[in-house]
Amino acid sequence: MDNKLVSAKLDIVFKKLFAENIDILTEFISDMLDIPMEEIKSIKVLNPDILPESIGEKYYRLDLLLDLGGKFINVEMQVRSEKSFGDRILLYWSKMYSSQLDSGESYKKLCPCIAITIVDFDLFEHEDYHSEFGVWDIEHDNKLTDKMAIHFFELKKVPLNIDKSTRKELWLQFIKADDKEAFDMLENTNVTGIQKGIQAVYKMSADERTRELIRMREKALHDEATLLEEAREEGEAKGMAKGMAKGRAEKEAEIAARMKSLGMSDDEIQKIIGS
């Protein structure tokens, strides 16, 4: 088998792995959110489908929406930073929260909603790989509600020499892993969900249809990145040209004012500056 394997860091692999293996998903959620396994009575993936005709579309998202019977969880894998990333995550959380109620229903029926976002880039300036957000009274440190939690896990901040007793770090290393050496190390940690996950990754790596879907997804992500980069470069070029034109106009105005102070007429100034 090729030493290079598919990685759960790619969103299509991430979703396929967890949507098709509820036992692995249950252990993952338990460890990442510190929920005892026995408290997860049921777990249902509300959007399990991966549509092949959509994989090649730019900006197609492959998140997981879960119903834990009293909690709703959205899980997303993101490999690239994007403008207003935090605003988008907050919008997704708000839609998940507000969509629970029909018109006229009591607010008491609202269940906690949790967002888990795993990113493969540096998101915050601190060194911790895990950040949790809620709604707080800043001055008095009071929590407004326990129905909101937004978690970010930054893969690049997970230490190379991980603490094998810290299951969050093991899961994040599993998501990062893309070769046999990394998986061999993780198999020896005796975390059942990760061991099953490794076997699922080996199976996906050997499956021709899955590899084709991955190829299509990688191409779409590459095309998306290229378009965004071209748009950024075009915007920078336009901004530079605009700045240069503004600077030139300001300089000409300054020169004209100095000429006028020396007694030159407007026609004389125009002939010199406009030449």
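Since this is a predicted model, take the numbers as computed values, not measurements. (Residues numbered from 1 in each chain as written. Predicted model: local features only at pLDDT ≥ 70, side-chain atom pairs only at ≥ 80, totals over all residues. Heavy atoms only, no water.)

1. A short note on the side chain of Ser7
What counts is decided by this rule: Runs of E in the DSSP output that reach at least two residues are strands. Runs of H or I that reach at least four are helices, and both are numbered from the N terminus. Residues adjacent in sequence count toward polar contacts only when both atoms are side-chain atoms; beyond that, a polar contact is any pair of N or O atoms within 3.5 Å, and within protein one must be able to donate a hydrogen and the other to accept it. Contacts are assigned to residue pairs that have any heavy atoms within 4.5 Å of one another.
Residue placement: Ser7 occurs in the segment before α1 (11–19). At 3.3 Å, the side chain of Ser7 and the backbone oxygen of Ala177 are in polar contact. Aside from chain neighbours lying at most four places away, what touches Ser7 is Val13, Ile175, Lys176, Ala177 and Asp178.

2. Side note on the nonpolar core
General note: in soluble globular proteins, nonpolar side chains tend to be found buried as a group. Test applied: Throughout, nonpolar core names a set of buried Ala, Val, Leu, Ile, Met, Phe, Trp, Tyr and Cys residues whose side chains join them through atoms within 4.5 Å. For the exposure calls, accessible area comes from a 1.4 Å probe over protein chains only, and a residue counts as buried if that area is under 20% of its type's maximum, exposed if over 50%, partly exposed in between.
The biggest cluster of nonpolar side chains holds 55 residues, and the ones touching the most others in it are Phe28, Ile29, Leu66, Ile118 and Phe174. Ile29 has contacts with Asp34, Ile40, Ile43, Leu66, Leu68, Ile73, Val75 and Ile116, leaving out every residue within four places of it along the chain. Of all hydrophobic cores here, the second largest spans 13 residues; its members include Phe72, Ala115, Val119 and Met148.

3. Comments concerning the pattern of salt bridges
Selection criterion: Counted as salt bridges are all cases of a side-chain nitrogen of Lys or Arg within 4 Å of a carboxyl oxygen of Asp or Glu.
Evaluated as defined, the whole model comprises twelve salt bridges. Asp11 is paired through a salt bridge with Arg217; the nearest N and O atoms lie 2.6 Å apart. Placement of the pair is Asp11 in helix α1 and Arg217 in helix α8 (residues 208–261), with a sequence separation of 206 residues. Grouping residues by exposure puts Asp11 and Arg217 together as buried. The shortest N-O distance in the salt bridge between Lys157 and Glu154 comes to 3.0 Å. Ionic contacts of the salt-bridge type, sharing partners, join the residues Glu27, Asp31 and Arg167 into one network.

4. What about helix α2 (residues 22–33)?
Condition: A helix is expected to reach a length of 1.5 Å times the quantity of its residues less one.
In a regular helix each residue adds 1.5 Å, so twelve residues correspond to 16 Å; α2 covers 16 Å between its end C-alpha atoms and thus fits that length. Taken across its twelve residues, α2 has ten buried, putting it largely inside the fold. Along α2, the positions that sit buried rather than exposed are Ile24, Leu25, Thr26, Glu27, Phe28, Ile29, Ser30, Asp31, Met32 and Leu33. Among the residues trailing α2, Asp34 stands out with phi positive, at a value near 55 degrees.

5. Here's the deal with empty space enclosed by the protein
The condition that has to hold: Using a grid of 1 Å spacing that covers the protein atoms alone, one calls a set of points a cavity when a 1.4 Å probe fits there but cannot get out, and a pocket when the set is open and has protein on both sides within 12 Å along at least five of seven lines; lining residues are those with an atom within 4 Å of a point. Grid points are joined across faces, edges and corners, and a volume is the space filled by probe spheres set on the points. The residue classification treats Ala, Val, Leu, Ile, Met, Phe, Trp, Tyr, Cys and Pro as nonpolar and Asp, Glu, Lys and Arg as charged. All others, Gly included, are polar.
Overall, the coordinates contain one cavity of 30 Å³ or more when judged by the stated rule. In this model, the largest cavity occupies a volume close to 50 Å³. Secondary structure elements with two or more residues in the lining of the largest cavity: β3 (72–78), α4 (85–98) and β4 (113–119). If you tally residues by element for the lining of the largest cavity, the top one is α4, at four residues. A breakdown of the residues in the lining of the largest cavity according to their chemical character gives six nonpolar, two polar and one charged.

6. Some words on the sheet that holds β3
Put simply, the rule is: Paired strands, in this sense, are two strands between which DSSP finds at least two bridges. Axis definition: a line fit to C-alpha positions, over the contact stretch in the case of helices; interaxial angles, taken between N-to-C directions, run 0 to 180 degrees.
Taking strand neighbours across the sheet as the criterion, the six strands line up as β1-β2-β3-β4-β8-β5 in an open arrangement whose pairing is mixed. Of all strands in the sheet, those with a lone pairing partner are β1 (44–45) and β5 (130–133), marking the two edges. Where β4 lies against strand β8 (residues 148–154), seven bridges are found, and the strand directions are parallel. When the bridges of β8 are listed, Ile116 appears paired with His151. Contacts between α1 and the sheet are confined to β1, β2 (64–67), β3 and β4, with β2 contributing the most and set at about 25 degrees to the helix.

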